[in-house]
Amino acid sequence: MMRSGLFWLALLTGLLALASLHLGLRFYTPAQVFLALTQPDGSADDLIITGLRVPRTLVALVVGAGLATSGLLMQAVFRNPLAEPGLLGVNAGASFAVVVGFAFFGISSLTALSLLALGGAVAVTAAIFALVASFRGALTPVSLILAGVTLAAFLGALTQVLVVIDEGTMEALLFWLAGGFADRDTAILWALGPVIVLLVVLAAPSAKALDALATGETTASALGVDVFRLRLLILGLASALAAFGVVIAGPVGFLGLVAPHLARQMTGLDHARLFPRTALIGASLGVLADIATRLVVAPGEAPITAMLALVGAPILVVLIRDRRLTTGP
Amino acid sequence: MTRQPGMIAPPLILGLLTVMAIGIGSSWIGPPRVLAALFGAGAEMDQVIIWTLRLPRVCLAILAGAALALAGLLLQRVVRNPIASPSVLGIVDGAAVGVVLFLWIWSDEANALTVSIHWLPLAATLGAGCFALLVLVLAGRDVVQPARLILYGIAMAALAKALVMVLIILGPVYRASTALIWLAGSVHAAHWDDVVILGVVLAVVLVALVLLRLRMDQILLDDVSAGATGLSVAASKGLLLSFAVVLTAGAVSFAGGIAFVGLIAPNIARALVGLRAGALLWATPFVGAALVLGADNLARIVAFPLELPTGAITALIGAPYFLFLLVRQVRHG
């Protein structure tokens, strides 16, 4: 039962990824796609399939899985089903750091920018963690999210100001800042994509400890979990996943909220089962949203944030309605 | 009452900021020349620049700030919590949906509007009203929990933003650029027409509110006590909420959503003049107008000759203030 659910999910992800190669402004037959992948002859169609569709599909898969896992990890640590890198301001922190480094210090090395993004993400996560810790449980999940959204608004405004002041870098930055899976720098994908996959896999062994944490801090300690260390470790992992996702695709919201929610609907609260499902659902949603951006307003292309918000906002509403959210963790 | 410095300071500060705002531009015009031109004297060139180029923009900023501030005041009264504001209840983005739909439906092939631009605020009001209703319906009995209510607002705002983006892309290029101008929350494409429409909306609502000021004081009590003072609580809330929607929509249709003004201004005004609705109805619009104008002045000076988005400046002040309010409320249970 458990295995078969996972199998179907993996199959769905694969099918969506395949569909993503065929669908768009130009529709291709499976034969055309197969030929383009196996015997490319440099025609325009080949370039579209191998040069545009394959990279954007990979970006959607990797970033989707990464952000979804990041959301799941944050939700576990904060014990808050609304926690995710977008709503908590972590994406905004990473973007802000990258803009500062790129526009003001002229940093363009990928390693340096990735580290900056990581720094920004970690800083925001640490601030949120400090806020939660300082209230010792008095902060309800709803209030925590409000604080995160406000932090995101603040960092977003700062970023906006910086981008306007620094005219020269504006064009490239604006495109990246809008967030999306299409036309991303493939060099960044090849460098950071494997890292994200690795981090997603590395998160899995924490499943038992996170299950223990879900039962409460005291119980978790009694079960031999070093709660503080676990939280730091998991939050570091979550920040890194969000930060690298931001470096590849710009800030993308709601995936980290929706994917873990759907995974829980599917399989319950067991983290060992949640991890692979969340990652696969995140990857599927990423690809699905990317396909939607190409089809919904064709011949134009809709922003991925809009597509994800159309799904994410209603799910956010469903989650807010949960009675338990105002009673505190 | 009128002797209180809190009552006099906001209009004075607004006056100073106005003279300064008129002076700022591609050429600086000093206060004496500004005042002279305003009263119909001084160089003809100054008069032309000031009356046709700079004054409409300044007036629009003032009116938009006043309208957003008043809307915030009303919402904070209805919710009985100082963290409420139009931008977080989804009304601002709802109004944007109304505006984009309006531009979408009533444009001809040549991208010219087929109906008068005077109908724009109505479309914005309808959009804002729909989203306000949606938030309230979704919230149901959560209305009494401001934090949760705001989160519903944030969810609906995200939905509205997505709709706006999709609608803009589906529309032709011209419409996209008109729409994007005010989405950025700026006031630099102002005309006297816009000023007059927004001014009339604001004046009408303000007069109505002054007549209703007793209700605004009663509503501060809890529902039962307010009812005992002879107030029909539900009707009053609905009325104040509708005014808030109209004011927000008016501001959004001509100046874009200027973030956080509706949150900060009523709080500053309350610190200045206290809780009485009469005094607040006087002070809040001035504070809101001064905030927007001050932010707009800053936006034009800081990176001169570049111009920052006014909404970004107000967000930089407003976001920390919101966090402060939130943390304070959590501390005090």
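Residues numbered from 1 in each chain as written. Chains lettered and ligands numbered in written order. Predicted model: local features only at pLDDT ≥ 70, side-chain atom pairs only at ≥ 80, totals over all residues.

In this section: unusual backbone geometry. A positive phi angle, close to 50°, is found at A:Arg79, a residue other than glycine. Positionally, A:Arg79 belongs in the loop between helix H3 (44–78) and helix H4 (90–104). Taking the number of C-beta atoms within 10 Å as the measure of exposure, A:Arg79 has 16 and is therefore partly exposed. The phi torsion at B:Arg80 lies on the positive side, around 60°, for a residue other than glycine. Within the secondary structure, B:Arg80 is located in the loop between helix H3 (44–79) and helix H4 (91–105). Judged by the 15 C-beta atoms lying within 10 Å of it, B:Arg80 is partly exposed. (Helix = DSSP H or I, 4+ residues; strand = E, 2+ residues; numbered from the N terminus. Buried ≥ 20, exposed ≤ 12 C-beta atoms within 10 Å, placed from the backbone.)

Contacts between chain A and chain B engage 34 residues on the former and 31 residues on the latter. Residue composition of the side of chain A that touches chain B, grouped by class: 26 nonpolar, seven polar and one charged. (Contact = placed C-beta atoms within 7 Å. Nonpolar A, V, L, I, M, F, W, Y, C, P; charged D, E, K, R; others polar.)

Attention shifts here to the nonpolar core. Core analysis: the largest hydrophobic core is formed by 233 residues, its most contacted members being B:Ala64 and B:Ala67. Look past the residues within four positions of B:Ala67 in its chain and what remains in contact with it is B:Leu198, B:Leu202, B:Leu247, B:Gly250 and B:Ala251. (Core = buried A, V, L, I, M, F, W, Y, C linked by C-beta atoms within 7 Å.)

Each pair of packed helices can be described by the angle between their axes along with the distance between the axes. Put simply, helix H6 (residues 141–165) of chain A and helix H6 (residues 146–170) of chain B touch, their axes get as near as 9 Å, and they point 50° apart. When the axes of H6(A) and H6(B) are compared, the pair comes out oblique. Handedness of the H6(A)/H6(B) crossing: left-handed. Residues A:Val142, A:Ser143, A:Ile145, A:Leu146 and A:Val149 of H6(A) lie in contact with H6(B), whose contacting residues are B:Ala147, B:Arg148, B:Ile150, B:Leu151 and B:Ile154. (Axes fitted to C-alpha atoms, helices over the stretch in contact; angles between N-to-C directions. Parallel < 35°, antiparallel > 145°, perpendicular 65-115°, else oblique. Left-handed = near helix turned anticlockwise from the far one by under 90°.)

As a further point, take the packing of H4(A) against helix H5 (residues 110–135) of chain A. Residues and elements named next belong to chain A. Put simply, H4 and H5 touch, their axes get as near as 7 Å, and they point 140° apart. Accordingly, the angle class assigned to the pair H4 and H5 is oblique. At the point where H4 passes H5, the crossing takes the right-handed sense. Note on element contacts: H5 touches H4 through Ala112, Leu113, Leu116, Ala117, Gly119, Gly120, Ala121, Ala123, Val124 and Thr125, opposite Val90, Gly93, Ala94, Phe96, Ala97, Val98, Gly101 and Phe102. Taken together, the residues of the contact of H4 with H5 break down into 13 nonpolar, five polar and no charged.

Attention now goes to helix H12 (residues 255–267) of chain A. All names here are of chain A. The terminal C-alpha atoms of H12 lie 18 Å apart, and with 13 residues this matches the ideal 18 Å at 1.5 Å per residue to within 8%. In this fold, the buried residues of H12 make contact with H3, helix H13 (271–295) and helix H14 (304–320). Taken from the residues just after H12, Gly268 is the one with a positive phi, measuring 95°. (Expected span 1.5 Å × (residues − 1).)

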